[in-house]
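# Examination of the molecular architecture
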Amino acid sequence: MKKNKSFSCKKSQTQIQRALARYLGDSDEVDKEKNAFAAGIKISGGDYDVANLLLIADWKSPRRKALIESNPEPVVTEIIGLACSATHECTAIAVLCGLSGVGVPMASAILTAIYRDRYTVIDRRVLMVLTGNKWEPTVADYVRYLDFCKTTATKYGMSLRDLDRALWTMGA
């Protein structure tokens, strides 16, 4: 059966705002996010240490940490540097997927933690909300998703980050 890969948000602004409020009320999730975004700030400042990547992984998918940690430090450093210097979203996502333990969802989380105003997270939960299906997104799917989210966030008068928080909560 072919999966629907067309994004559509049928939620009202009130539903989106309520979901965002639920997310912000979850202190454990908010704390993990704060740690991930603090690591993202370090990375954006040039600190490409694997420890920063692991803090982001702990927020997005703790079970991926061991795989990410298995990457040689010089490889991690180089790949993060390449992703941070990429001029297109497609390139940044694809480069990060070269690390063991990093697929498109994790790559999107890494970039979101580093550049929260430019990127947003794609994962199975938000795909279920927006398409009614769960699938492993490709780099091309992510680029379409990011464009969709930028338009939707503007429509609802909110940041990409807040839209992601709301959609993720709705997919729980």
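Note that the structure is a prediction, hence the values are computed from the model and not measured.

### Let's talk about the packing of helix 9 (residues 139-156) against helix 10 (residues 160-170)
At their nearest, the axes of helix 9 and helix 10 sit 9 Å apart, and the two run at 100° to each other. With respect to each other, helix 9 and helix 10 are oriented roughly perpendicular. Contact with helix 9, carried on its side by Tyr145, Leu146, Cys149, Lys150, Thr152, Ala153 and Tyr156, involves Leu160, Leu163, Asp164 and Leu167 of helix 10 and no other residues of that element. Residues that form the contact of helix 9 with helix 10 fall into these classes: eight nonpolar, one polar and two charged.

### Considering the environment of Tyr145
Relative to the elements of secondary structure, Tyr145 occurs in helix 9. Here the alpha-carbon distance between Tyr145 and Ile68, two residues 77 residues apart in the chain, equals 25 Å. With sequence-adjacent residues up to four places away left out, Tyr145 is seen in contact with Phe7, Thr120, Val121, Ile122, Val126, Leu130, Asp164 and Leu167.

### Things to note about the side chain of Arg161
For Arg161, the position within the fold is in helix 10. For Arg161, a relative accessible area of 5% puts it in the buried group. In terms of polar contacts, Arg161 uses its side chain to reach the side chain of Glu33, at 2.9 Å. Within the structure, Arg161 has its side chain in polar contact with the side chain of Asp164 (distance 2.4 Å). Sequence-distant contacts of Arg161, defined by excluding residues within four places in its chain, comprise Tyr23, Glu33, Phe37, Trp59, Thr112 and Val121.

### Some words on the confidence of the model for the chain
In the predicted model, the chain carries a mean pLDDT of 94, and 98% of its residues have values of at least 70. Put simply, helix 8 (residues 124-131) is where the chain has its lowest mean pLDDT, 92, and helix 7 (residues 104-114) is where it has its highest, 98.

### Examining the pattern of salt bridges
Tallying each qualifying case throughout the model produces eight salt bridges. Put simply, Glu33, Arg161, Asp162, Asp164 and Arg165 are held in one network by salt bridges that share partners.

### A few points about the nonpolar core
In this structure, Leu96 and Tyr145 are the most contacted members of the largest nonpolar core, which totals 57 residues. For this core, the element with the highest residue contribution is helix 7, accounting for eight residues. Setting aside its immediate chain neighbours within four residues, Leu96 contacts Ile79, Ala83, Val102, Ala107, Ile110 and Leu111.

### Some words on the state of the cysteines
The full count for this structure, using the stated rule, is zero disulfides. The thiol of Cys9 is not disulfide-bonded; the next cysteine sulfur, from Cys149, is found 8.7 Å away. We note that Cys84 lacks a disulfide partner, and the nearest cysteine sulfur, in Cys97, lies 14 Å from it. Overall, Cys84 belongs to the buried group, its relative accessible area being 15%.

The rules behind the values
- Residues numbered from 1 in each chain as written.
- Predicted model: local features only at pLDDT ≥ 70, side-chain atom pairs only at ≥ 80, totals over all residues.
- Heavy atoms only, no water.
- Axes fitted to C-alpha atoms, helices over the stretch in contact; angles between N-to-C directions.
- Helix = DSSP H or I, 4+ residues; strand = E, 2+ residues; numbered from the N terminus.
- Parallel < 35°, antiparallel > 145°, perpendicular 65-115°, else oblique.
- Contact = heavy atoms within 4.5 Å.
- Nonpolar A, V, L, I, M, F, W, Y, C, P; charged D, E, K, R; others polar.
- Buried < 20%, exposed > 50% of the residue type's maximum accessible area, 1.4 Å probe, protein only.
- Polar contact = N/O pair within 3.5 Å; in protein donor to acceptor, adjacent residues only side chain to side chain.
- pLDDT = per-residue confidence, 0-100.
- Salt bridge = Lys/Arg side-chain N within 4 Å of Asp/Glu carboxyl O.
- Core = buried A, V, L, I, M, F, W, Y, C linked by side-chain atoms within 4.5 Å.
- Disulfide = S-S within 2.5 Å.

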